Every structure is written in C-alpha cells, then in structure tokens.
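# Coordinate inspection notes
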Amino acid sequence: MRVTSVVVGLALAGALATPAIAQDFKLTSPSVAEGAPLSPAQVFKGFGCDGGNTSPHLSWSNAPTGTKSFAVTAYDPDAPTGSGWWHWNVVNIPATVSELAAGASGSQAVPAGASELKNDYGVAGFGGACPPPGEVHRYVFTVYALGVEKLDLPQDASNALAGFMVRANSIGKASITAVYTR
C-alpha cells in the first residue's frame, strides 16, 4: 500500500507541476490574437488572395530553464493537403531573443544565426493565410523553447524534417491560434 501511495503521490505531483511550468511560458502579439481573425496584413498576396503577406509581431516570455534556442512556426492544420500547410518556420533563434518584429521575415530583423525555411508556397520566410474560398481555417503560431543551441538541419530542410527536429528538442512551447476565411 505504501508503494501505491508513493506512486500516486509522484504522479499527482508531476501532473500538477507540468501545467504550472507550461503556463509560465507565454506567447503574445499585438498582430494576432487567440480565436480572432487575422488582419489583412497577415494574408497572402497571390493564389487569389490580396493581403500584405507580413509576418506578425510575436514576443515570448518566461522560457523554461535550460532553453538554448527557439523556433517559431505558423501552421494551418485545416489545409486540404492531408498534412496541413506550413506558413512559416524559423529555427535557431538565439536564446537571448524574445521577439520577432512585425515584418521581420525576409529582412535583417531576423536575428543573426536564425534561419527561415521554405514555407509550403515554396519561398523562404513567411507566407500569409489564403484558404479556399468559404472555408474557415485555423493558423497556429507557436514558439518552441529548445534544449539545443542549434538544430542540425540541411539548408533545404523540409518543414516535416524541421518539425521533427523541433519537437524532438522542445522543452516547452506556447501558441496563439487565429482564424481566417475569405
């Protein structure tokens, strides 16, 4: 009976500690808000859409202890592809960085040492929302705290490979999910 009590106690302590740690790591943005529609600035220019194609301002705080770098992704799980749609994937962001300015993608505002991968439009950097007409899609912006200083990825890494490496080295994450329809 004593072993059962210890196991239950440890499991309960772990369950209570995990959410507290996860709640400390936060992603905020003046550009995108939880459950709110994306602004025209974050909409793609092309494929029948006419937006600003501007990456949003994202900032994060209270990264987990042991964070050595960050990765930022923007992903549409509702795209009719069978695998979703990657709108943005920035890896190897130094641990000293805690934000990406609006419009940073494709500019010198991307932190030194960080790399923007090709999005699913086939271009390195941010590619805005452009769902099929009449469909509401979710756009999940996530910052991952990584336990490694640099992901060992080839220059032409796919988003699937980057996603695998990011998740394999993640020690925490924070997200904002916005929506868009046209």
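Just so it is clear, the model here is predicted, and its values are computed rather than measured.

## Here's the deal with the side chain of His57
- Among the secondary structure elements, His57 is positioned in the loop between strand 3 (49-50) and strand 4 (58-61).
- At 2.6 Å, the side chain of His57 forms a polar contact with the side chain of Glu99.
- Residue contacts for His57: discarding those within four places in its chain leaves Thr28, Ser29, Pro30, Ser31, Glu99, Leu100, Ala101 and Ala102.

## A look at the environment of Gly84
- Position of Gly84 relative to the elements: it lies in the loop between strand 5 (69-76) and strand 6 (85-94).
- Its relative accessible area of 4% is what places Gly84 among the buried residues.
- Taking the C-alpha atoms as reference, Gly84 lies 9.4 Å from Asp120; in sequence the two are 36 residues apart.

## Quick word on helix 2 (residues 159-168)
- For helix 2, every residue scored as buried is listed here: Asn159, Ala162, Gly163 and Val166. Looking down the long axis of helix 2, one finds its buried residues gathered within 100° of arc, a one-sided arrangement. Turned more than 90 degrees off the buried face of helix 2, the exposed positions are Ala160, Phe164 and Ala168.

## Here we look at unusual backbone geometry
- Despite not being glycine, Asn53 shows a phi value in the positive range, around 50°.
- In this structure Asn53 comes out as partly exposed when scored by relative accessible area, which is 26%.
- The phi dihedral of Asn62 falls on the positive side, at around 60°, and the residue is not glycine.
- On the secondary structure map, Asn62 appears in the loop between strand 4 and strand 5.

## Let's talk about the sheet that holds strand 4
- Judged by pairing direction, the sheet is antiparallel, and its 3 strands sit side by side in the order 1-4-7 without closing on themselves. In this open sheet, the two strands that pair with only one neighbour each are strand 1 (26-28) and strand 7 (99-100).
- Note: strand 4 against strand 7, 2 bridges, orientation antiparallel. Looking across to strand 7, one finds that Ser59 is bridged to Glu99.

## Focus on the sheet that holds strand 6
- In spatial order, the strands read 8-6-5-9-10; together these 5 strands make up an open sheet with antiparallel pairing. Each end of this open sheet is capped by a strand with a single partner; those strands are strand 8 (115-116) and strand 10 (170-180).
- As judged from the 2 bridges shared by strand 6 and strand 8, these two strands associate in the antiparallel manner. Its bridge partner lying in strand 8, Val91 is registered against Ser115.
- Those strands touched by helix 2 are strand 5, strand 6, strand 9 (137-146) and strand 10, and its axis lies near 50° from that of strand 6.

The rules we used
- Residues numbered from 1 in each chain as written.
- Predicted model: local features only at pLDDT ≥ 70, side-chain atom pairs only at ≥ 80, totals over all residues.
- Heavy atoms only, no water.
- Helix = DSSP H or I, 4+ residues; strand = E, 2+ residues; numbered from the N terminus.
- Polar contact = N/O pair within 3.5 Å; in protein donor to acceptor, adjacent residues only side chain to side chain.
- Contact = heavy atoms within 4.5 Å.
- Buried < 20%, exposed > 50% of the residue type's maximum accessible area, 1.4 Å probe, protein only.
- Arc of directions from axis to C-beta.
- Pairing = 2+ DSSP bridges.
- Axes fitted to C-alpha atoms, helices over the stretch in contact; angles between N-to-C directions.

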